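Listed here are the chains, written in short residue letters.
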Amino acid sequence: PGISGFAVLKGRVPLDAHDRFRVGSITKTFVAVVVLQLVGEHRLALGDTVERWVPGLVPDGGRITVRQLLAHTSGLADYADDPDFVRRTVAQPRRRWTPRELIHVALAEGPVARPGERFAYASTNYVLLGMMVEHVTGTSLGRQLRRRIFMPLGLEDTSFAPEIRNSRRYAHGYAPSEHDGIVGSLATARDRSTVNTSWAWAAGSVVSTAPDLSRFLGALLRGRLLPPRLLALMRPAPGSRYGLGLAAFRTPCGIAIGHTGALLGTVSAAWSSPEGRRRVVAMSNSFPLSPSAGAALRRLLNASFCGA
């Protein structure tokens, strides 16, 4: 593995390849697996509506299906795009947000499309899926992730953690200032590592390591977590950018599938070849990235994936 820089700026603690970090929206792939396992167990159906499992919450919930939530075609707005909401998460870093509060933020923005009309990425979709998982199973989403994925695959450094409470090695995320698209230096960056991420919940609160993410993606794509029929649905169709919890990325040597994430000063990507044999995980614990840093991260991913 290639490693450069610091896990913690204070004390200049060097980054280690096994450091834990917030994976952001890569969480969505984990949650999609749990949902599809419940589909495989006939406890949930892709055609089930939001209204069936979370009645009275979403006005058009009778027309929005599990499949549409997984594929980001529900037409719901993304609560994380609301500038006032984002300001409140920064101003109140210890606040615990409930999933219902997050949905209400999205609903206040109004829909961005009709259900099923088009792709519109929204963390709102996966918060609703997390709520469905809890209604269907009668247990917490965190428990379902542990029982169904983390423990069977031996992902000992992976957890569903809206709050970081333990002292195991952890790469802090840093948020440099940004003005008119120009990203400031790390000298004035804010350490975002202890912020409560209940506002990301089912859409972004997993903490993991590069080796664990690689193991998860490999196991998933080799069929260890889902039967072939449901795994096929997760994969993006040829020419499309998103399936049911997995995204497609163009590289110089073909299509990679996986997911990316950006949360609280950390940006990450987990890519794999379609059959799960060739995998790459990359993380930067400074975000937003300057244009040059963003281009460098993309070059790193392409070179690592393609073996250049």
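Residues numbered from 1 in each chain as written. Predicted model: local features only at pLDDT ≥ 70, side-chain atom pairs only at ≥ 80, totals over all residues. Heavy atoms only, no water.

S.K.: Would you mind going over the side chain of S25 in detail, with residue names and values included?
M.R.: Counting through the fold element by element, S25 comes out in the loop between β3 (21-22) and α1 (27-40). Leaving out residues up to four positions away in the same chain, S25 has contacts with Y121, A203, G204, H259, T260, G261 and A262. (Helix = DSSP H or I, 4+ residues; strand = E, 2+ residues; numbered from the N terminus. Contact = heavy atoms within 4.5 Å.)

S.K.: So, the nonpolar core: which residues are in play, and what are the values?
M.R.: In this structure, F30, L70 and I149 are the most contacted members of the largest nonpolar core, which totals 90 residues. The element contributing the most residues to this core is α1, with 9 residues. Aside from chain neighbours lying at most four places away, what touches I149 is F30, V33, V34, Q144, L155 and F216. (Core = buried A, V, L, I, M, F, W, Y, C linked by side-chain atoms within 4.5 Å. Buried < 20%, exposed > 50% of the residue type's maximum accessible area, 1.4 Å probe, protein only.)

S.K.: Could you give an account of the packing of α1 against helix α6 (residues 123-137), with specific residues and numbers?
M.R.: Between α1 and α6, whose axes approach to 10 Å, the crossing angle comes to 40°. As judged from the angle between their axes, α1 and α6 are oblique. The element α1 and its partner α6 pack so that their crossing is left-handed. Contact with α1, carried on its side by K28, V31, A32, V34, V35 and L38, involves S123, Y126, L129, V133, V136 and T137 of α6 and no other residues of that element. For the contact of α1 with α6, the residue count by class is 9 nonpolar, 2 polar and 1 charged. (Axes fitted to C-alpha atoms, helices over the stretch in contact; angles between N-to-C directions. Parallel < 35°, antiparallel > 145°, perpendicular 65-115°, else oblique. Left-handed = near helix turned anticlockwise from the far one by under 90°. Nonpolar A, V, L, I, M, F, W, Y, C, P; charged D, E, K, R; others polar.)

S.K.: Describe the environment of A80, with residues and values.
M.R.: As for its placement among the helices and strands, A80 is situated in the loop between α3 (66-71) and α4 (83-91). Looking at A80, the relative accessible area reads 28%, which means it is partly exposed. Ignoring anything within four residues of it in the chain, the contact list for A80 reads F85 and V86.

S.K.: Explain the pairing of strand β10 (residues 247-251) to me, using residue names and the numbers behind them.
M.R.: Side chains A247, F249 and T251 project from β10 onto a buried face, and the interleaved A248 and R250 project onto a face without burial. As judged from the 5 bridges shared by β10 and strand β11 (residues 254-263), these two strands associate in the antiparallel manner. Bridging from a neighbouring strand, F249 pairs with A256 of β11. In this structure, the hairpin formed by β10 and β11 is closed by a connection of 2 residues. (Pairing = 2+ DSSP bridges.)

S.K.: Lay out the sheet that holds β3 in plain terms, naming residues and giving numbers.
M.R.: Picture the strands of a sheet paired through backbone hydrogen bonds; they go either parallel or antiparallel. Reading across from one edge, β3-β9-β4 is the order of the 3 strands in this open sheet, with antiparallel pairing throughout. With partners counted over all chains shown, the strands left at the sheet margins are β3 and β4 (159-160), one partner each. Relative to strand β9 (residues 206-208), β3 is paired through 2 bridges, and the arrangement is antiparallel. Following the sheet pairing, F21 is matched in β9 by S208.

S.K.: Give me the pattern of salt bridges: which residues, what numbers.
M.R.: Opposite charge on two side chains permits them to pair, given that their charged atoms come into close proximity. Inspection of every chain in the model, using the stated rule, returns 10 salt bridges. With its nearest N and O atoms 3.5 Å apart, the salt bridge here joins E41 to R43. Overall, the relative accessible area of 39% leaves E41 in the partly exposed class. With its nearest N and O atoms 3.2 Å apart, the salt bridge here joins E117 to R114. Note on R114: relative accessible area 53%, which makes it exposed. Here the salt bridges share partners, and the residues they tie into one network are E41, R43 and R148. (Salt bridge = Lys/Arg side-chain N within 4 Å of Asp/Glu carboxyl O.)

S.K.: Pulling in residues and values, what's your account of helix α7 (residues 141-150)?
M.R.: Judged by how many residues are buried, α7 sits mostly within the fold: 7 of 10 residues are covered. L141, G142, Q144, L145, R148, I149 and F150 are the residues of α7 that are buried. The buried residues of α7 occupy an angular sector of 155° when projected down its axis, which confines them to one face. Lining the buried residues of α7 we find α1, α6, β4, β9 and α8 (210-221). (Arc of directions from axis to C-beta.)

It is worth stressing that arrangement in space is one thing and function is another; only the former is reported here.
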